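# Residue-level structural notes
For reference, the chains in residue letters:
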Amino acid sequence: MGASILLTGLHFFKETTPRPLLQISMEDRATNYDGMFLKFSSLGNSRMVSSLLWMHTLLFSDTEHYKNDDLNSWMFQRFNTITDLEPKMYEAYFYGGQYLSIVKDDVFGAEEIFNKGLSIYPEDLWLNYLSGFNYIYEIGDREKGIKRFLKIESHPKLMSTFPILPSIISKLMKDTNDPDSLFIILKTAWEKAPDDYLKNHYWNSMYSLKAEKDLECLNLNERNCSQTDLEGNLYIQSNGVFVAQREWVKFEIKKRERKKRSPSN
């Protein structure tokens, strides 16, 4: 009788007591594989294996920033393995590089993936473009970024997709902090982004650039200031100062230094 009451009590306690959720980082629980090993052990099915890994990676992709620069984030390792198995898988370079750079903040992992993609597609417009963006605005290496942009300055598709790039390149050679040029670069990346998550990140950066410029203009009582933010909402006054109606974070170019040497050139 006593045991029955005890079991009933334990069941009631289990069902009615909230239990803490155990949050385990994907960096700790993701399984990574050696690409060359999988390639030789897949018995000619490397494309199928790479597709399965690709779907699994997209399904479990997370937004946690990677704080190291050792090319050991789980998503970098996964994209690297996928492209070892299927070197011509363009989407892994195009999507993977952006995701590492913009979402995971693994800018050196993104550098490696873009460089790996450009070794297969050296003339590709978008891989050069996104790699240049990653160098200039995420790593803070203007020289390498401009080199990427110059690579596509005469690309046959440039005039139909991004005709203002040559003008932007000339400005970048003088100053990386030109907000108008950066806004156009972000807008082009936003339009090309493959999913809503990346689009949202680019949009927030565009919003921040416009808000910073507009609010500075309004608070200095200058003429011809924009009265609305990127989303069409009016700027409002709070304690005599113009502010945006939503939160935003200033877009800053960070100079990243590797603590450990990576194999990238």
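### Notes on helix H11 (residues 165-172)
- The set of residues buried in H11 consists of Leu 165, Ile 168, Ile 169 and Leu 172. For H11, the angular spread of buried residues about the axis comes to 105°, placing them on one side.
- Close packing links the buried residues of H11 with helix H8 (125-139), helix H9 (142-151), helix H10 (158-161) and helix H12 (179-192).

### A short note on the pattern of salt bridges
- Tallying each qualifying case throughout the model produces 8 salt bridges.
- Salt-bridge contacts for Lys 151 lead to Glu 123; the nearest nitrogen and oxygen are separated by 3.4 Å. Here the residue Lys 151 occupies a position in helix H9, and Glu 123 occupies one in the loop between helix H7 (107-120) and H8, the gap between them amounting to 28 residues.
- Glu 212 is the partner of Lys 250 in a salt bridge, and the nearest nitrogen-oxygen pair spans 3.5 Å. Here Glu 212 lies in helix H13 (residues 196-219) and Lys 250 lies in the segment after strand E2 (241-243), a separation of 38 residues in the sequence.

### Overview of the state of the cysteines
- What the rule picks out here adds up to 1 disulfide.
- Two residues, Cys 217 and Cys 225, share a disulfide whose sulfurs are 1.9 Å apart. Negative torsions about the S-S bond denote left-handed disulfides, and the value of about -80° found for Cys 217 with Cys 225 makes this one left-handed. Residues Cys 217 and Cys 225 agree in their burial class; the two are buried.

### Points about the packing of aromatic side chains
- For the coordinates displayed, the defined rule picks out 11 aromatic pairs.
- Both rings, one in Trp 126 and one in Tyr 129, keep their centres 5.5 Å apart while their planes meet at 80°; by these two values the pair is edge-to-face. In this pair, Trp 126 and Tyr 129 are both assigned in helix H8, 3 residues apart and thus about one turn of the helix distant. Each member of the pair, Trp 126 as well as Tyr 129, is classed as buried.

Rules behind the numbers
Residue numbering note: each chain is counted from 1, following its sequence as written. Confidence filtering applies because this is a predicted model: local features only for residues at pLDDT of at least 70, side-chain atom pairs given and counted only at 80 or more, and all residues used for totals across whole chains, interfaces and linings. The basis for every side-chain value is the complete set of heavy atoms in the structure, and neither hydrogens nor water enter the calculation. Each residue is placed in one exposure class: buried if its accessible area under a 1.4 Å probe, protein chains only, is under 20% of its type's maximum, exposed if it is over 50%, and partly exposed if it falls in between. Each helix is a run of H or I in the DSSP string that is no shorter than four residues. Each strand is a run of E no shorter than two, and both are numbered from the N terminus. This arc describes the spread of directions from the helix axis toward the C-beta atoms. What makes two residues a contact is simply this: any of their non-hydrogen atoms within 4.5 Å. Within this document, salt bridges are pairs made up of a side-chain nitrogen of Lys or Arg and a carboxyl oxygen of Asp or Glu, the two lying within 4 Å of each other. In this description, a disulfide is simply a cysteine sulfur pair whose atoms lie within 2.5 Å. Note on ring pairs: Phe, Tyr and Trp rings are taken, using the six-membered ring of Trp, and paired if centres are within 6.5 Å. Classes follow the plane angle, with under 30 degrees stacked, over 60 edge-to-face and the rest tilted.

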